[in-house]
Amino acid sequence: MTSTLASFWTGSPLGTIEYISALSFLETGHSLVLYVIGDVGNIPPGIEVRDAREILDTGKVVTYRKTGSAALYADLFRYALFTKTDLTWVDLDIVALRPIDTSAPYIFGYERSDTLNNAVLKLPKDSAALQELLKFKSNTRGYPPTVQGFRRFKYMVKSLGFGIHIRDWPWGATGPRALTHFAKESGEIRHAQNMDVFYPIPFPD
């Protein structure tokens, strides 16, 4: 299995955090492929740069309408990545203190006691959870799978029953929340690693 990691960036040069993150993967023995759209500068030497549209071409980068964040595209991108490569996904705001064992078919971990994060992620091509995550498209209209009860009813009323465009879904609805939901549904959550493996520092800290 490859020890090569992959990430995505668009819109601006890498900042200090992203630069340090990328270097940390190299310094712990990994190779890193950075998929980009547009003119991305300040990339550390030794990193392979590729066009993200090789993996997922949505025309322009699909973003959350409210914030303009490309995190929505990044979620869709990493799921498409697993169908076309054997690479392991990493966000560029984490710092590796030791190598990631990429030999396992499943790589993800708990961020909180009941929630997974997708900042370090690998799913096999035949993963049932991955098949559900791949149903999210840049033009999806509907309701986030984790929104139920009265909140879902409000969404239905707001959209007159036509569904909410994915660009207007809540933050994380296609990311950690969806991953947790579908991993529980499929039983694949049994592969999750403990919080101290990938997310030892709680988000509020």
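One can find the structure itself at the top, above this paragraph.
These figures come from a predicted structure and were not determined experimentally. (Residues numbered from 1 in each chain as written. Predicted model: local features only at pLDDT ≥ 70, side-chain atom pairs only at ≥ 80, totals over all residues. Heavy atoms only, no water.)

## Side note on helix H5 (residues 176-186)
The criterion, for reference: Each residue's exposure class comes from its accessible area (1.4 Å probe, protein chains only) as a fraction of the maximum for that residue type: buried when under 20%, exposed when over 50%, partly exposed otherwise. Numbered from the N terminus, helices here are DSSP runs of H or I no shorter than four residues, and strands are runs of E no shorter than two. The contact criterion used is simple: two residues touch if any of their non-hydrogen atoms lie within 4.5 Å.
Here H5 has its buried residues at Pro176, Ala178, Leu179, Thr180, Phe182 and Ala183. On its buried face, H5 is in contact with strand S6 (115-122) and helix H3 (128-133). Positive phi shows up at Gly187, right after H5, with a value of about 85 degrees.

## Re the pattern of salt bridges
When their charged atoms lie close together, side chains carrying opposite charge are able to pair. The test is simple: A carboxyl oxygen of Asp or Glu within 4 Å of a side-chain nitrogen of Lys or Arg is what we treat as a salt bridge.
Considering all chains together, one arrives at 9 salt bridges under this definition. Close ionic contact of Asp86 with Lys125 constitutes a salt bridge, the shortest N to O distance being 3.0 Å. Of this pair, Asp86 sits in the loop between helix H2 (71-84) and strand S4 (88-90) while Lys125 is found in the loop between S6 and H3, placing the two residues 39 residues apart along the sequence. Given a relative accessible area of 40%, Lys125 falls into the partly exposed group.

## Description of the sheet that holds strand S2 (residues 31-37)
Put simply, the rule is: A pair of strands is considered paired only if DSSP assigns at least 2 bridges between the two. Orientation is described by axes fitted as lines to C-alpha atoms, over the contacting stretch for helices, and by angles from 0 to 180 degrees between their N-to-C directions.
One open sheet holds the 6 strands; their spatial order is S3-S2-S1-S4-S6-S5, and the pairing between them is mixed. Pairing within the sheet leaves two strands with one partner each, and these edge strands are strand S3 (48-51) and strand S5 (107-112). For this sheet, the mean angle separating the axes of adjacent strands, direction not counted, is 40 degrees. When strand S1 (residues 4-10) meets S2, the two strands line up parallel, connected through 7 bridges. Counted as the bridge partner of Thr4 is Ser31 from S2. Here helix H1 (residues 16-27) sits on the sheet in contact with S1, S2 and S4, set at roughly 145 degrees to S2.

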